[in-house]
Amino acid sequence: MKIAGIIAVTIIFVIVMLSFDPSGSIPRPIEQIVERVNVPNAVTSVYLEARLYDTIFEIIVFTVTALGVAALLASLPVNNDEGQQVFGTVTVYSGGLAALSITLFLYVVINGHITPGGGFVGGVVLATGVITYGLTSSFKKASLHYDILKIGMLEKISLMLIFAFSTLIILLPETHSQLLSEAGFGSTFSGGFIPILNILIGIKVYAGAWKMSSEFISRRGTL
């Protein structure tokens, strides 16, 4: 997977360099971008269609950051104290918060192109709920989901798919614009590849945030 990741990043870099035009015209106003993209959320219209290069490199920076944090903390001793003490009411509330974060994650990433939200926000929302549950209720139980649900593998697959769909949008902008215009403005299916990218970005951000936080908690201990 590391080799595949290097190849994907290299391909994206080549595409950027080939398509870069320093003498190009000034971008059209935001209103025209939103009209062309046919997505009500102006922020999503810009960062997942008009300025997709930014999003790609934000994902790369976030990935490198997560790897760096994990590598840095790997040299520290693991805290083997399993005596995590919590109150019953805290467990109930934090469990409810974790369940609510899952619901909000799904809503935010699926509807991020028509309402405030998106992949980055959704990933942070889900990570906040699960990490809070791990800190205040059962870090051991919260950690089990990473292996059971193969979150590490999902993170790598999401990264590859983000590059794949982003490349399609970059290489075939008119085709994607046509796909966007076929659905009614403001509908859930009006985003073309954008909702798919939001979901993939949300998974990537969640996996990275959980990995960094769990590495820290494993060495510093819980509350």
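In this text the structure is predicted, and so the values were computed from the model without any measurement.

Thresholds applied
Residues numbered from 1 in each chain as written. Predicted model: local features only at pLDDT ≥ 70, side-chain atom pairs only at ≥ 80, totals over all residues. Heavy atoms only, no water. Helix = DSSP H or I, 4+ residues; strand = E, 2+ residues; numbered from the N terminus. Buried < 20%, exposed > 50% of the residue type's maximum accessible area, 1.4 Å probe, protein only. Contact = heavy atoms within 4.5 Å. Areas by Shrake-Rupley, 256 points an atom, 1.4 Å probe, with all protein chains shown as cover. Salt bridge = Lys/Arg side-chain N within 4 Å of Asp/Glu carboxyl O. Core = buried A, V, L, I, M, F, W, Y, C linked by side-chain atoms within 4.5 Å. Axes fitted to C-alpha atoms, helices over the stretch in contact; angles between N-to-C directions. Parallel < 35°, antiparallel > 145°, perpendicular 65-115°, else oblique. Left-handed = near helix turned anticlockwise from the far one by under 90°. Expected span 1.5 Å × (residues − 1). Patch = residues over 30% accessible without salt bridge, like charges linked within 9 Å, V, L, I, M, F, W, Y side chains within 5 Å. Nonpolar A, V, L, I, M, F, W, Y, C, P; charged D, E, K, R; others polar.

Enquirer: Help me understand the overall build of the protein, please; the structure alone is not making it clear to me.
Expert: Summing up its helical and strand segments, the protein has 10 helices and zero strands in all. Going from N to C terminus, the protein has its helices and strands arranged as α-α-α-α-α-α-α-α-α-α. For the protein, with 223 residues in total, the buried portion stands at 40%. Relative to all contacts within the protein whose residues are 6 or more apart in sequence, the contacts with residues 24 or more apart total 80%. With the model as given, the accessible surface of the protein reaches about 12600 Å², and the carbon-plus-sulfur share is 71%.

Enquirer: What is the right way to look at the pattern of salt bridges in this model?
Expert: Where side chains of opposite charge bring their charged atoms close, a pairing between them can arise. Applying the stated criterion across every chain, the model contains two salt bridges. Here Glu155 makes a salt bridge to Lys204, at a shortest N to O gap of 2.6 Å. With a gap of 49 residues between them, Glu155 in helix H8 (residues 151-171) and Lys204 in helix H10 (residues 194-220) connect regions that are remote in the sequence. As far as burial versus exposure is concerned, Glu155 and Lys204 are alike and both buried. When the shortest N-O distance is used, the salt bridge between Lys211 and Glu215 registers 3.1 Å. On the criterion of helical spacing, the pair formed by Lys211 and Glu215 is a turn pair, its members being four residues apart in helix H10.

Enquirer: I would appreciate a short explanation of the nonpolar core in the present structure.
Expert: Nonpolar side chains in soluble globular proteins generally cluster together in the buried interior. Counting residues in each nonpolar core, the largest one holds 21 residues, and the members touching the most others are Leu48, Leu52 and Leu197. Taken together, the elements giving at least two residues each to this core come down to helix H2 (30-37), helix H3 (42-50), helix H4 (52-73), H8 and H10. By residue number, the principal contributor to this core is H8, which donates six residues. Those residues in contact with Leu52 that sit more than four places away from it in its chain are Val46, Tyr47, Ser166, Ile169, Ile170 and Leu197. With 17 residues, the next largest nonpolar core counts Leu126, Ala142, Ile151 and Tyr206 among its residues.

Enquirer: So what exactly am I meant to see when it comes to the environment of Phe139 here?
Expert: Of note, Phe139 is situated in helix H7 (residues 139-148). Here the alpha-carbon distance between Phe139 and Ser218, two residues 79 residues apart in the chain, equals 8.9 Å.

Enquirer: Sorry, what's going on with unusual backbone geometry here?
Expert: A positive phi angle is found at Lys150, which is not glycine, with a value near 55°. Position of Lys150 relative to the elements: it lies in the loop between H7 and H8.

Enquirer: Please clarify how the packing of H7 against H10 should be interpreted in this entry.
Expert: For any two helices packed against each other, one specifies the inter-axial angle together with the distance between the axes. Their axes nearest at 12 Å, the elements H7 and H10 cross at an angle of 140°. As judged from the angle between their axes, H7 and H10 are oblique. Crossing handedness for the pair H7 and H10: left-handed. Residues Phe139, Ala142, Ser143, His145 and Tyr146 of H7 touch H10, and the partners they reach there are Tyr206, Trp210, Lys211, Ser214, Ile217 and Ser218.

Enquirer: Just to check I follow, could you spell out helix H6 (residues 119-136) for this structure?
Expert: Residues spaced three or four apart along an α-helix point in a common direction, a consequence of the helix completing one turn every 3.6 residues. Taking 1.5 Å as the rise per residue, H6 with 18 residues should run 26 Å; its terminal C-alpha atoms sit 26 Å apart, in good agreement. What H6 keeps buried is the set Gly119, Gly122, Gly123, Leu126, Ala127, Gly129, Val130, Ile131, Tyr133, Gly134 and Thr136.

Enquirer: Would you mind going over a nonpolar patch on the surface with me for this structure?
Expert: A cluster of nonpolar side chains, Ile102, Leu106, Ile110 and Ile199, forms an exposed patch at the surface whose accessible area comes to about 310 Å². Top contributing element to the nonpolar patch by residue count: helix H5 (residues 88-110), with three residues. The topology assignment puts Leu106 in helix H5. Look at Leu106 and you get partly exposed, because its relative accessible area is 44%.

Enquirer: Can you walk me through the packing of H6 against H7 in this structure?
Expert: With their axes 6 Å apart at the nearest point, H6 and H7 run at an angle of 140° to one another. On the basis of the axis angle, H6 is oblique to H7. When H6 is examined against H7, the residues Val130, Tyr133 and Gly134 are found in contact with a partner set consisting of Phe139, Lys141, Ala142 and His145. Split into classes, the residues belonging to the contact of H6 with H7 amount to four nonpolar, two polar and one charged.

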